[in-house]
Amino acid sequence: MTSALHDNSAKANSRKGARRASSSKRSARTAGTTRLSVKGQIVIPEAVCQRIGLKRGDQFLVLADKETVCLRLLRPPSSREWSQLRELANVLTAGINRSASAA
């Protein structure tokens, strides 16, 4: 009987360890609550702003579906991404110019 009790407590302890591991993964996320103001505005909790580095004036894409609202931070492209976009625009424009001159 003692070994069965020991086995059960060992299983319980291993489950607690698993819970601790999963809760440490959850702690990487920051959450908070907010309310919709009379003007239709929401305030993002300070802890969330600090966690992801939000600054005054940052812009967001707002996606909504039934009871879910998702904010996606919009950032300007990096200089590398900007260069790639410029190269793509040049390739596309060259193709358009060739088509126009052939017609």
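Data block above holds the structure.
Residues numbered from 1 in each chain as written. Predicted model: local features only at pLDDT ≥ 70, side-chain atom pairs only at ≥ 80, totals over all residues. Heavy atoms only, no water.

Student: When you look at the overall build of the protein chain in this model, what are you seeing that I'm missing?
Tutor: Each helix and strand counted, the protein chain has three helices and two strands in total. Counting only residues that meet the buried cut, the protein chain has 2% of its 103 residues in that class. For the protein chain, the share of sequence-separated contacts (at least 6 apart) that also reach a separation of at least 24 residues comes to 5%. Element-wise, carbon and sulfur atoms account for 56% of the exposed surface of the protein chain, whose accessible area totals about 9,800 Å². (Helix = DSSP H or I, 4+ residues; strand = E, 2+ residues; numbered from the N terminus. Buried < 20%, exposed > 50% of the residue type's maximum accessible area, 1.4 Å probe, protein only. Contact = heavy atoms within 4.5 Å. Areas by Shrake-Rupley, 256 points an atom, 1.4 Å probe, with all protein chains shown as cover.)

Student: When you look at unusual backbone geometry in this model, what are you seeing that I'm missing?
Tutor: If a residue is not glycine, its phi is most likely negative; likewise, a peptide bond is most likely trans. Phi at Lys66 is positive, roughly 55 degrees, even though this residue is not glycine. Tracing the backbone shows Lys66 in the loop between β1 (59–65) and β2 (68–74).

Student: Where do I start with a nonpolar patch on the surface in this structure?
Tutor: A cluster of nonpolar residues, Leu36, Ile42, Val62, Val69 and Leu71, forms a patch on the protein surface that exposes about 480 Å² of accessible area. Relative to the helices and strands, Leu36 resides in the loop between α1 (2–26) and α2 (46–52). (Patch = residues over 30% accessible without salt bridge, like charges linked within 9 Å, V, L, I, M, F, W, Y side chains within 5 Å. Salt bridge = Lys/Arg side-chain N within 4 Å of Asp/Glu carboxyl O.)

Student: Whenever I open this one, the pattern of salt bridges confuses me. Can you help?
Tutor: Close approach of charged atoms allows side chains of opposite charge to pair. Counting across every chain of the model gives one salt bridge. Note that Arg75 and Asp58 form a salt bridge whose closest N and O atoms lie 3.9 Å from each other. Here Arg75, found in the loop between β2 and α3 (79–102), pairs with Asp58, found in the loop between α2 and β1; they are 17 residues apart in sequence, far enough to count as distant. According to the relative accessible area criterion, Arg75 is partly exposed, its value standing at 45%.

Student: Would you mind going over the pairing of β1 with me for this structure?
Tutor: Put simply, side chains in a regular strand alternate between the two faces of the sheet. Buried residues are scarce in β1, accounting for zero of its seven residues. Inspection of the sheet shows β1 paired to β2 by seven bridges, in the antiparallel sense. Paired with Ala64 across the two strands is Val69, which belongs to β2. Between β1 and β2, which pair antiparallel and follow one another directly, the connecting turn spans two residues, one of which, Lys66, has a positive phi of 55 degrees. (Pairing = 2+ DSSP bridges.)

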